[in-house]
Amino acid sequence: MNYFTLFALVILTLILAQDYKRDAGKNKKAKIFHAICLAILVANYAGSFRILSVLIRNFDKARERFSVDVGLVPGQLHFIFYLVHSVLAMAVILLVYQMTRRNDKSRKLMVTILPFLAILEIFSFYRGWIFNGDGFETSAILILSIGFILIGGLTSGIIAVYKSRFMTSFFKINEQRQNFNSSLPQVQQKPD
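Residues numbered from 1 in each chain as written. Predicted model: local features only at pLDDT ≥ 70, side-chain atom pairs only at ≥ 80, totals over all residues. Heavy atoms only, no water.

Let's talk about the overall build of the protein chain
When helices and strands are tallied, the protein chain shows 8 helices and 0 strands. Along the protein chain, helices (α) and strands (β) appear in the sequence α-α-α-α-α-α-α-α when read from the amino end. On the protein chain, roughly 12000 Å² of surface is accessible, and the fraction owed to carbon and sulfur atoms is 64%. (Helix = DSSP H or I, 4+ residues; strand = E, 2+ residues; numbered from the N terminus. Areas by Shrake-Rupley, 256 points an atom, 1.4 Å probe, with all protein chains shown as cover.)

Regarding the confidence of the model for the protein chain
For the protein chain, per-residue confidence averages 88 on the pLDDT scale, and 89% of positions sit at 70 or higher. The weakest mean pLDDT in the protein chain belongs to helix α8 (residues 165-183) at 75; the strongest belongs to helix α2 (residues 28-45) at 96. (pLDDT = per-residue confidence, 0-100.)

Observations regarding the packing of aromatic side chains
The full count for this structure, using the stated rule, is 10 aromatic pairs. Arranged with centres 6.1 Å apart and planes meeting at 70 degrees, the rings of Tyr162 and Phe171 form a pair that is edge-to-face. For the pair formed by Tyr162 and Phe171, the shared burial category is buried. On the numbers, 5.9 Å between centres and 90 degrees between planes, the contact of Phe170 with Phe171 is edge-to-face. The class for Phe170 is buried, based on a relative accessible area of 0%. A residue is classified by how much of its surface remains accessible, and Phe171, at 0% relative accessible area, is buried. Aromatic rings pair up to connect Tyr20, Tyr162, Phe170 and Phe171 into one cluster. When the ring centre of Phe171 is taken as reference, the NZ or CZ atom of Arg107 above it lies at 5.9 Å. Here the guanidinium or amino end of Arg127 rests over the ring plane of Phe131, the centre of that ring lying 4.7 Å away. (Phe/Tyr/Trp six-rings, centres within 6.5 Å; stacked < 30°, edge-to-face > 60°. Buried < 20%, exposed > 50% of the residue type's maximum accessible area, 1.4 Å probe, protein only. Lys NZ or Arg CZ within 6 Å of the ring centre and 35° of its normal.)

Some words on the pattern of salt bridges
Opposite charge on two side chains permits pairing when their charged atoms draw close. Evaluated as defined, the whole model comprises 8 salt bridges. Between Asp19 and Arg102 there is a salt bridge whose closest N-O contact spans 2.8 Å. Linking Asp19 in helix α1 (residues 3-20) with Arg102 in the loop between α5 (75-99) and α6 (104-131), this pair joins segments that are 83 residues apart in sequence. When the shortest N-O distance is used, the salt bridge between Asp104 and Lys108 registers 3.5 Å. A residue pair is termed a helical-turn pair when its members lie 3 or 4 positions apart in one helix, as Asp104 and Lys108 do in helix α6 at 4 residues. Of the residues examined, Asp104 reaches a relative accessible area of 4% and is grouped as buried. Shared partners join several salt bridges into a network, and the residues in it are Asp19, Arg22, Asp23, Lys31 and Arg102. (Salt bridge = Lys/Arg side-chain N within 4 Å of Asp/Glu carboxyl O.)

The following block contains the structure:
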C-alpha cells in the first residue's frame, strides 16, 4: 500500500466519522457496510491518481510497458484496457468521496461503473499473472476464471450492498433531509 492510499483511507475515515455523527445511533448496519465498501474501493483504486501522474509525465514509457502482447490479448488492447481502467478507477475514487455525503446519484453511478471496472480488473489480473511469470503453465481460461471469481465476487458483493433496501434507505435519508432544508423559508436579517 502506498502513502497516497494510506492518506486517502485516513481522510475517508475522518469524513465518515463526521458524517455518522449527524444521525448517531441510527442506521448502524448501513454505516458499517458503507464504511467497509468505501474502504475496499479506496484501497483498491486510490493508486489510480499515481498512475495518472505517470501517464502525464511519461506517456511513451507507459505505452511501451502496456502495449506488449501478453497471453491471448494483443498489446494494443492491453494498453487501451489500461487507459480505460485508469479513468474508471479515478472516477470511482471521486464517487467514493461524494458517497461519503450520502449522494444518491453517486451511489447509482458507482453501481453502474463497477461491473465495467471489474471486467477490466480481471484482464489486468490475467496480464499480471502471465506477465510476471507463470511457473505452472496455467491455462488462460483458469486464470480468467480465478480472476472472475475473486474480482467478480467482490464487485458483486459491493453492488449488492449498494442496491439493498437498507442502503438505498440510508442514502434517501440524506436526500429527504436536503429537500426538507430547501423547503424551509429563508430568514432574512434586517439591517441595523
